[in-house]
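Observations on the three-dimensional arrangement
Here is how the chains run, residue by residue.
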Amino acid sequence: MNEILGVAIAASIAWLNFVIIDTFMGLPEVPGVKGADIISHSIKERGGDLAGGFFQGNILCSPDASAGTLLASIGVMLIGIEGGIISTFFVFIGNRLCADPGYAGTCGALTTTLIVVAFSYIGFTPEMFVVGMVIAITTIQGIHHPTSSKLLGNIAKTMNKYTKLD
Amino acid sequence: MIVHVGETYLLLSYLIAITTSIIIAIGLKMPILPEKPRRFSWTNSAVFPTPIIALGLLAICFSINFIWIYNGIVLAIITGVVSALFVKYLFYYVFPNPPETMEEVNE
């Protein structure tokens, strides 16, 4: 498969995977730790959305589905399906050390392991998913916080996971 | 793939590890599911995180090519039992206790 096309498709899949799982697991609802709260209010002051800010703060402060997606892709790239499962285990340990129950991170890593292994049968390499995930996380955390937080807030509203705090 | 066992046996071993860990965890009187709302629950249950730990330990053994007897099936049962015992008795000795309430964070 063409590499550029593969990376683009892998980036979209990784983006959908981690945003849907993280939103479903309630990241936009409450800040898990104080750091996430501070980040979200800072984003809100700059014209962003509070629920989207909670999402961004939470994925910054503990390994959620975003980190799970990236680490599982790297694990599968290095040693195959075992790597994906081992990275799920380590993401869970990382979650617990970061005051996070760990549902989002482990679900994200497990689903990514399955996705990467399944897509390897139709020509996608794990490397494409690693690059795709880096691109996906850059669109959320690296370009413009207020815009991406508004998008995440709208997704949270659609999935009925919008925060009740202010 | 590093492991030199048929993929069917690998899949079977992982399924056995998941099943054993859940059964032993239920046998140790752990709740089957966390209480609601589940996504914010800190309760260790039979479904989460016991199978994750069993899978992780088994995958680590397989990745260093330690398969032992019967194509890894015995190892799968042992990791299932060990992970259930770990989650029941040693979990909070290794990992930090959950934060008391979320309210103080939100204020």
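Residues numbered from 1 in each chain as written. Chains lettered and ligands numbered in written order. Predicted model: local features only at pLDDT ≥ 70, side-chain atom pairs only at ≥ 80, totals over all residues.

Here's the deal with the overall build of chain B
From N to C terminus, chain B includes 4 helices and 0 strands. When the helices and strands of chain B are listed from N to C terminus, the series reads α-α-α-α. In chain B, once contacts between residues fewer than 6 apart in sequence are set aside, the share between residues at least 24 apart is 69%. (Helix = DSSP H or I, 4+ residues; strand = E, 2+ residues; numbered from the N terminus. Contact = placed C-beta atoms within 7 Å.)

Brief notes about the confidence of the model for chain B
The pLDDT averaged across chain B works out to 83; a share of 88% of its residues lies at or above 70. As scored by the predictor, the complex reaches a pTM of 0.88 and an ipTM of 0.85. (pLDDT = per-residue confidence, 0-100.)

Digging into the packing of helix α4 (residues 65-79) of chain A against helix α7 (residues 126-141) of chain A
Residue and element names in this part refer to chain A. Contact geometry for α4 and α7: axes closest at 8 Å, N-to-C directions at 160°. Our classification of the angle between α4 and α7 gives roughly antiparallel. α4 and α7 meet at a crossing whose hand is left-handed. Here S66, T69, L70, S73, I74, V76 and M77 of α4 lie close against α7, whose contacting residues are P126, E127, F129, V130, M133 and I137. Classifying every residue of the contact of α4 with α7 by side-chain character gives 9 nonpolar, 3 polar and 1 charged. (Axes fitted to C-alpha atoms, helices over the stretch in contact; angles between N-to-C directions. Parallel < 35°, antiparallel > 145°, perpendicular 65-115°, else oblique. Left-handed = near helix turned anticlockwise from the far one by under 90°. Nonpolar A, V, L, I, M, F, W, Y, C, P; charged D, E, K, R; others polar.)

Considering the nonpolar core
Counting residues in hydrophobic clusters, the biggest one holds 71 residues, and the most contacted among them are A:A10, A:A14, B:A17, B:L55 and B:L58. Top contributing element to this core by residue count: helix α2 (residues 50-63) of chain B, with 9 residues. Setting aside residues up to four positions removed in sequence, B:L55 forms contacts with A:I85, A:F89, B:Y14, B:A17 and B:I18. (Core = buried A, V, L, I, M, F, W, Y, C linked by C-beta atoms within 7 Å. Buried ≥ 20, exposed ≤ 12 C-beta atoms within 10 Å, placed from the backbone.)

Here we look at the interface of chain A and chain B
Contacts between the two partners involve 23 residues from chain A and, on the opposite side, 23 residues from chain B. Residue assignment for the side of chain A that touches chain B shows that the elements contributing at least two residues are α2 (34-45), α5 (81-97) and α6 (103-120) of chain A. Considering each element in turn, the side of chain A that touches chain B owes the most residues, 8 residues, to α5(A). Tallied by class, residues from the side of chain A that touches chain B come to 14 nonpolar, 5 polar and 4 charged.

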